[in-house]
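# Descriptive structure summary
So you can see what is in the structure, the chains are spelled out below.
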Amino acid sequence: MVMDKLGDSLQGALRKLIGANRIDENVVNEVVKDIQRALLTSDVNVKLVMDMSKRIKDRSLKEEPEKGADPREHVVRIVYQEMIGIMGKGANIELKPQTIMMVGLQGSGKTTSVAKLARFFQKKGLKPAVIGADNFRPGAYQQLKILCDKLNVHFYGEEGEQDAVGIVERGLKDIEKYDVKIIDTAGRHALEADLIAEMEAINNKAKPDQKFLVLDAAIGQQAGVQAKAFNDSVGVTGIIITKLDGTAKGGGAMSAVAEINAPIAFIGTGETPDDFEKFDADRFISRLLG
Ligand code: GDP
């Protein structure tokens, strides 16, 4: 998977410190350059990479290594902390009744993620239900209904209905007795004014506890701009990064976190409902750094 490539590059860079018996400025420079290259290749926001590599260099040279830490361990610890600083610790997903609204551009993997999210809560013993309010993309209704049926998840939708806010209003009544209410909203190819207005109207109607922005891992440097636009409109509380199994460019989507200060909530790693995990920054970054 994607991050394997970034992981290999980062681990390769840090390997240069193996056997070093002190923190040598030339070696640190070389390692930081390699780290920079690895992050840029995976499309992490350029400014973030520059700021971060400067801090890694300064801290590696200035800070005293922890007791007993060799130079590699010293630098790994700093890289780790700096990456947590960028990605955040991950979202706090509470296992209790709640309403979740999903937003994102068309093709981002939003509909698939709705089903995955329902499955996640179902496996935790909560009763999820889904409202399909994406009435823009032809086929979205059927796609979501089929996915939900397969998972035995209650689905409310109105095929052919134009009024998405109305669907949500009636849907919320229909699924009242369920624990986790997940609302799929329409995506477009770009964030157009009518889409923004619709999202805001649904947001006002449903007053969701969580608003998850779904981003394709391959989005690259566009991630920040897009995340900001969605955030300005509905206030994003968490990010779901999809298709991390299929690209070596996941760093762009990761950078969106820093842009809007919303944590990564889940990551999608394949097409089936179970290819989905709660994002755990500790685990994720530890895996990257080997
Ligand atoms: P939407 O337009 O945002 O609702 O997008 P869909 O949910 O229909 O997803 C678009 C395509 O991406 C579909 O073919 C999905 O199977 C695929 N997809 C979604 N999430 C993932 C993922 O995590 N990994 C992979 N490999 N494919 C995914």
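This section reports on the structure supplied with the text. (Residues numbered from 1 in each chain as written. Predicted model: local features only at pLDDT ≥ 70, side-chain atom pairs only at ≥ 80, totals over all residues. Heavy atoms only, no water.)

## Describing the sheet that holds strand S7 (residues 264-268)
- With mixed pairing, eight strands are arranged side by side in an open sheet as S3-S2-S4-S1-S5-S6-S7-S8. The two strands at the open ends of the sheet, each matched to only one other strand, are strand S3 (154-157) and strand S8 (276-278). Here the average twist between neighbouring strands, direction ignored, is 20°.
- Two strands pair when backbone bridges link them, and strand S6 (residues 238-242) and S7 are joined in this way by three bridges, in the parallel orientation. Residue pairing across strands places Ile 240 opposite Phe 266, the latter belonging to S7.
- This element, helix H7 (residues 164-174), spans strand S2 (128-133), S3 and strand S4 (180-185) of the sheet and lies at about 160° to S2.
- Of the strands in this sheet, strand S1 (98-104) and strand S5 (210-216) touch helix H9 (residues 223-234), which is tilted by about 160° from S5. (Pairing = 2+ DSSP bridges. Helix = DSSP H or I, 4+ residues; strand = E, 2+ residues; numbered from the N terminus. Axes fitted to C-alpha atoms, helices over the stretch in contact; angles between N-to-C directions. Contact = heavy atoms within 4.5 Å.)

## Quick notes on the nonpolar core
- Membership of the largest hydrophobic core comes to 66 residues, with the highest contact counts inside it found for Leu 14, Ile 35, Met 83 and Ile 241.
- A total of eight residues in this core trace back to one element, the largest contributor, which is helix H4 (residues 71-87).
- Filtering out sequence-adjacent residues up to four positions away, Leu 14 remains in contact with Val 31, Ile 35, Arg 72, Val 75, Val 76, Val 79 and Leu 289.
- In terms of nonpolar packing, the next biggest core, distinct from the first, is built from 27 residues, Ile 93, Leu 126, Val 214 and Ile 240 among them. (Core = buried A, V, L, I, M, F, W, Y, C linked by side-chain atoms within 4.5 Å. Buried < 20%, exposed > 50% of the residue type's maximum accessible area, 1.4 Å probe, protein only.)

## Quick notes on the packing of H9 against helix H10 (residues 251-260)
- Two numbers describe how H9 lies on H10: the axes approach to 8 Å, and their chain directions differ by 45°. The angle between H9 and H10 falls in the class oblique. In the packing of H9 onto H10, the handedness of the crossing is right-handed. The segment H9 lies against H10, with Ala 223, Gly 224, Ala 227, Lys 228 and Asn 231 engaging Gly 252, Ala 253, Ala 256, Glu 259 and Ile 260.
- By residue class, the composition of the contact of H9 with H10 is five nonpolar, three polar and two charged. (Parallel < 35°, antiparallel > 145°, perpendicular 65-115°, else oblique. Left-handed = near helix turned anticlockwise from the far one by under 90°. Nonpolar A, V, L, I, M, F, W, Y, C, P; charged D, E, K, R; others polar.)

## Comments concerning the packing of aromatic side chains
- Using the criterion set out here, one finds six aromatic pairs in the structure.
- Taken together, a centroid distance of 5.2 Å and an interplanar angle of 85° make the contact between Phe 120 and Phe 121 edge-to-face. For the pair Phe 120 and Phe 121, a shared accessibility class is recorded, and that class is buried.
- With 4.9 Å between their ring centres and 75° between their planes, Phe 120 and Phe 266 make a pair best called edge-to-face. With Phe 120 in helix H5 (residues 110-123) and Phe 266 in strand S7, the pair connects residues that are 146 residues apart, well separated along the chain. Residues Phe 120 and Phe 266 agree in their burial class; the two are buried.
- Three or more aromatic residues joined by ring pairs make a cluster, and in this case those are Phe 120, Phe 121, Phe 212, Phe 266 and Phe 276. (Phe/Tyr/Trp six-rings, centres within 6.5 Å; stacked < 30°, edge-to-face > 60°.)

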